[in-house]
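# Fold and geometry: a report
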Amino acid sequence: MLAKRIIPCLDVKDGHTVKGVNFENLKYAGDPVELAKKYSTQGADELVFLDISATNEKRKTIVELVQRVAKNVFIPFTVGGGINSLDDITAILNAGADKVSINSAAVKNPDLISQCVNYFGSQCIVVAIDAKLVDNDYYVFINAGKINTGMKLIEWVSEVERRGAGEILLTSMDFDGTQKGFDIKMNKIVSDSVKIPVIASGGAGPDFMHFVDVFKNTNVDAALAASIFHFDALSVNVLKSNLEDFGIVTRKTKSQV
């Protein structure tokens, strides 16, 4: 069995880590560089850094901040937000990221996925998808969840896989920030329909059983969380230790070695 990954997420706005509920009511959650260092030390498998306002503010991801974060961690690091071109990706990778995440730009121009994969390789390209239940079906939203594309989730994930993306970062807008657990139904539908890795995002609370549930009841490869880690409700190393007790294989943290 492949080891499941635990991935803290740093949503960044104006240089600060923030966290909200259902993509709204953002509040300060800490310095992104210090948080990145903490999670790296705790044994996180990867980090995700999302400049959440870059697309709506029509600007580029903060490259200088990416450089500072990358210098302080020694685990794979994914960066997203406002990425629209091969030049944007080149800048982010040169700043120290291992992967890039594209979301709105990929929906608006699906050829961008193919171009990125052909140029950089699928291992570098993550397609982030924000989805919400509307009239008993899941639909894809863009621009930080503000625009319903009218495209069904299952159709989009199939195209993302066909175009060669390395993995999918799937966020449930309905569950985001609620701390009530992951959207099992949505994650199962998507992870059952594609062969590429799926990262579950949205809804993780301080109860480690939320992670047990998503790993036991879906085929996701990783689980992402933010607020529970930012506000010290649960640490990465304690979470991993509890998952091991339920037979879920994880990579060893420093405290477990």
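Remember, predicted model here, so these are calculated numbers, not experimental data. (Residues numbered from 1 in each chain as written. Predicted model: local features only at pLDDT ≥ 70, side-chain atom pairs only at ≥ 80, totals over all residues. Heavy atoms only, no water.)

### So, the nonpolar core
In this structure, Phe77, Ile113, Ile129, Leu153, Trp156, Phe211 and Phe215 are the most contacted members of the largest nonpolar core, which totals 71 residues. With near-sequence residues (within four places) excluded, phenylalanine 77 lies in contact with Leu47, Phe49, Val66, Val69, Ala70, Ala97, Asp98 and Lys99. Counting residues in each nonpolar core, the second largest holds eleven residues, with Ile7, Leu50, Leu169 and Ile199 among its members. (Core = buried A, V, L, I, M, F, W, Y, C linked by side-chain atoms within 4.5 Å. Buried < 20%, exposed > 50% of the residue type's maximum accessible area, 1.4 Å probe, protein only. Contact = heavy atoms within 4.5 Å.)

### Remarks on the packing of helix α6 (residues 153-162) against helix α7 (residues 184-193)
Angle between the axes and distance between the axes: these two values describe a pair of packed helices. At their nearest, the axes of α6 and α7 sit 10 Å apart, and the two run at 35° to each other. Where α6 crosses over α7, the handedness of that crossing is right-handed. Only Met186, Ile189, Val190 and Ser193 of α7 make contact with α6, whose side of the interface consists of Leu153, Ile154, Val157 and Glu161. For the contact of α6 with α7, the class distribution of residues is six nonpolar, one polar and one charged. (Axes fitted to C-alpha atoms, helices over the stretch in contact; angles between N-to-C directions. Helix = DSSP H or I, 4+ residues; strand = E, 2+ residues; numbered from the N terminus. Left-handed = near helix turned anticlockwise from the far one by under 90°. Nonpolar A, V, L, I, M, F, W, Y, C, P; charged D, E, K, R; others polar.)

### A short note on helix α8 (residues 209-217)
When α8 is considered as a whole, its buried residues turn out to be His210, Phe211, Val212, Val214 and Phe215. Where α8 is buried, its residues contact β1 (5-13), α7, β11 (198-201), β12 (222-225), α9 (227-230) and α10 (236-245).

### Focus: the UniProt feature "active site" (unreviewed entry) in the chain
Residues annotated by UniProt as "active site" (unreviewed entry) correspond here to Asp11 and Asp130. Over a stretch of 120 residues, the named residues converge on one spot in the fold, their C-alpha atoms separated by at most 14.0 Å. Within the fold, aspartate 11 resides in strand β1. Among the structural elements, aspartate 130 can be located in strand β7 (residues 125-134). The buried category is assigned to aspartate 130, whose relative accessible area is 8%. (UniProt positions renumbered as here; feature names shortened; annotations may be inferred.)

### Things to note about the side chain of glutamate 46
Along the chain, glutamate 46 falls in the loop between α1 (32-42) and β4 (47-51). According to the relative accessible area criterion, glutamate 46 is buried, its value standing at 5%. Within the structure, the side chain of glutamate 46 is placed 2.7 Å from the side chain of arginine 5, a separation counted as a polar contact. In terms of polar contacts, glutamate 46 uses its side chain to reach the side chain of lysine 99, at 3.3 Å. For glutamate 46, the residues in contact, after removing those within four places along its chain, are Arg5, Ile6, Ile7, Pro8, Ile75, Pro76, Thr78 and Lys99. (Polar contact = N/O pair within 3.5 Å; in protein donor to acceptor, adjacent residues only side chain to side chain.)

### With respect to α1
Within α1 the residues assigned to the buried category are Pro32, Val33, Leu35, Ala36, Tyr39, Ser40 and Gln42. Of the residues that open α1, the one with a side-chain oxygen 3.1 Å from the backbone nitrogen of valine 33 is aspartate 31. Looking one or two places after α1, you find glycine 43, whose phi comes out positive at around 100°.

### Quick notes on the pattern of salt bridges
Summed over the entire model, instances satisfying the criterion amount to 13 salt bridges. The partner of lysine 38 in a salt bridge is aspartate 232, with the nearest N and O atoms 2.8 Å apart. Taken together, the positions of lysine 38 in helix α1 and aspartate 232 in the loop between α9 and α10 put the pair 194 residues apart, joining distant regions of the chain. On the basis of relative accessible area, aspartate 232 is assigned to the exposed category, the value being 56%. A salt bridge links glutamate 167 to lysine 99; the nearest nitrogen and oxygen atoms lie 2.7 Å apart. Within this pair, whereas glutamate 167 is found in strand β10 (residues 167-172), its partner lysine 99 is found in strand β6 (residues 99-102), the two being separated by 68 residues in sequence. Residue glutamate 167 is classed as buried on the basis of its relative accessible area of 6%. (Salt bridge = Lys/Arg side-chain N within 4 Å of Asp/Glu carboxyl O.)

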